[in-house]
Amino acid sequence: MDVLRLSRSTYALGVRGLHSEYADRTLLLIDGRSANSPSFGGIQFNRLPLILDDIERIEVVRGPGGAAWGANAFNGVINVITKDPAKTRGLMVGSQVTWHGDTYNQLRYGFGDDVLSMRLSLGYNQHTKTTDALGDNRSAHNDFARQRLMDLQGSYTISDQARLRFGIGYDNLTFGSEEFLDAVPDQNNNFYTIRPYLKFEHDIDADSSWYVRWFTNVDREDRPGRWNTETVENDLEAQ
C-alpha cells in the first residue's frame with residue numbers, strides 16, 4: 001500500500017500503484033461504516049471528522065474484497081477502529097507545530113459511568129501555503145488549508161446483553177483556489193461533511209450476537225470554476 005502526498009493538504013492512498021486523488025477502488029471504513037466520498041467514491045483523508053488520539057487500531061485487507069464489501073473494495077479495505085468512549089474519560093489537549101509552520105490542535109473530553117459514556121473531540125488543523133512553507137516565491141500556488149472538525153460518540157448499556165451506540169461527526173475544510181484550464185478563481189474551495197450514526201447491539205450468547213445499524217454521509221463540495229455538489233448517502237443494515 002502506498003500513501004502519496006499530492007499537495008500541502010491532499011493525499012492519495014492505493015494498493016499496487018492504483019491511487020490518485022479520485023481513485024475509488026480502495027474502501028475506507030470507520031468502525032465498519034463507509035467513509036468514502038459519496039460524491040465520487042474515493043478517499044479524502046483530509047476531510048475525516050477524526051483526531052489521531054481517538055484511533056485504537058487500523059485493520060487492512062490488501063487484496064480484492066468486492067465480494068464481501070462491494071465494488072469500492074476492488075483493491076483492498078482499510079478499517080479504522082476508534083476507541084470506546086468508556087476508555088477515553090477525562091480531558092486531553094494536544095498541539096503540534098511542524099517545521100513548515102503547519103499546526104495540529106486537538107481537544108477531547110470524555111465522561112460517563114458503566115451505563116452511559118460519551119466523548120467529544122474537537123480539532124483545528126492548518127497547513128500553510130507552499131510559498132510560506134518553503135520560501136519559494138516562484139510558486140503561485142495558494143494551497144493553504146484550514147480544517148475544523150467535531151466528533152461526538154456515545155455508548156449506552158441497556159442491559160447485560162444490549163447496547164446502544166450513537167454519534168455524529170462534522171468536518172469543514174477550506175483551502176486555497178486551484179488553477180483549472182489556465183484560470184485561478186478568486187474564491188476559496190469549501191467542503192463540509194456530516195456523519196451521524198446509530199447502532200443497536202444484542203448478544204444472544206457467548207458466541208453469537210446481532211445488530212441493526214443506520215448511518216448517513218452528507219457531503220458538499222464547493223469548488224468555484226469546477227463544480228458545486230451536494231450528496232446524501234443513507235445506509236441501513238442488519239447482521
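For the structure given in this document, a descriptive report is provided here.

Turning our attention to the overall build of the chain. A count of helices and strands for the chain gives two helices and 14 strands. Scaling as 2.2 N^0.38, a compact globule of 239 residues should have a C-alpha radius of gyration of about 18 Å, and the chain matches this with 19 Å. Counting all 239 residues of the chain, 41% fall into the buried class. Within the chain, contacts between residues at least 6 apart in sequence are counted, and of these 53% link residues at least 24 apart. Summed over its atoms, the accessible surface of the chain is roughly 13,000 Å², and 54% of this surface lies on carbon and sulfur atoms.

Bringing the sheet that holds strand β6 (residues 76-82) into the picture now. Within the open sheet, the four strands sit side by side as β4-β3-β6-β5. Their pairing is mixed. Only two strands of the sheet have a single neighbouring strand rather than two, namely β4 (33-34) and β5 (55-61). Relative to β4, strand β3 (residues 26-30) runs antiparallel, the two sharing two bridges. From the neighbouring strand, I30 faces β4, where its bridge partner is R33.

In total, this model carries 14 salt bridges according to the counting rule given. Residue R25 pairs with D24 through a salt bridge whose shortest N-O separation is 3.1 Å. Assessed through its relative accessible area of 37%, R25 is described here as partly exposed. The residue E237 makes a salt bridge to R213 at a minimum N-O spacing of 2.5 Å. One end of the pair, E237, is in strand β14 (residues 227-238); the other, R213, is in strand β13 (residues 208-223), with 24 residues separating them in the sequence. With a relative accessible area of 24%, E237 lands in the partly exposed category. Under the relative-accessibility criterion, R213 is labelled buried at 6%. One connected set of salt bridges, linked through shared partners, spans D84, R163, R165, K199, E201 and D203.

What follows is about the side chain of Q153. Position of Q153 relative to the elements: it lies in strand β10 (residues 145-157). We classify Q153 as buried; its relative accessible area is 6%. A polar atom in the side chain of Q153 sits 3.1 Å from the side chain of D151. Residue contacts for Q153: discarding those within four places in its chain leaves D31, T82, P85, S117, M118, R119, F166, G167 and Y197.

Where strand β1 (residues 2-5) meets strand β2 (residues 11-14), four bridges bridge the pair, whose relative direction is antiparallel. By the bridge assignment, V3 is partnered in β2 with L13. If you look at the hairpin formed by β1 and β2, you'll find five residues sitting between the two strands.

Right, let's get into the nonpolar core. Formed by L13, L28, I30, A35, I43, L48, L50, I78 and V80, the largest nonpolar core amounts to nine residues. Looking at this core, the elements with two or more residues in it are β3 and β6. Apart from residues no more than four positions distant in its own chain, I30 is found in contact with A35, L48, L50, N79, V80, T82 and R195.

Reading the values: the criteria
Residues numbered from 1 in each chain as written. Predicted model: local features only at pLDDT ≥ 70, side-chain atom pairs only at ≥ 80, totals over all residues. Heavy atoms only, no water. Helix = DSSP H or I, 4+ residues; strand = E, 2+ residues; numbered from the N terminus. Rg over C-alpha atoms; globule rule 2.2 N^0.38 Å. Buried < 20%, exposed > 50% of the residue type's maximum accessible area, 1.4 Å probe, protein only. Contact = heavy atoms within 4.5 Å. Areas by Shrake-Rupley, 256 points an atom, 1.4 Å probe, with all protein chains shown as cover. Pairing = 2+ DSSP bridges. Salt bridge = Lys/Arg side-chain N within 4 Å of Asp/Glu carboxyl O. Polar contact = N/O pair within 3.5 Å; in protein donor to acceptor, adjacent residues only side chain to side chain. Core = buried A, V, L, I, M, F, W, Y, C linked by side-chain atoms within 4.5 Å.

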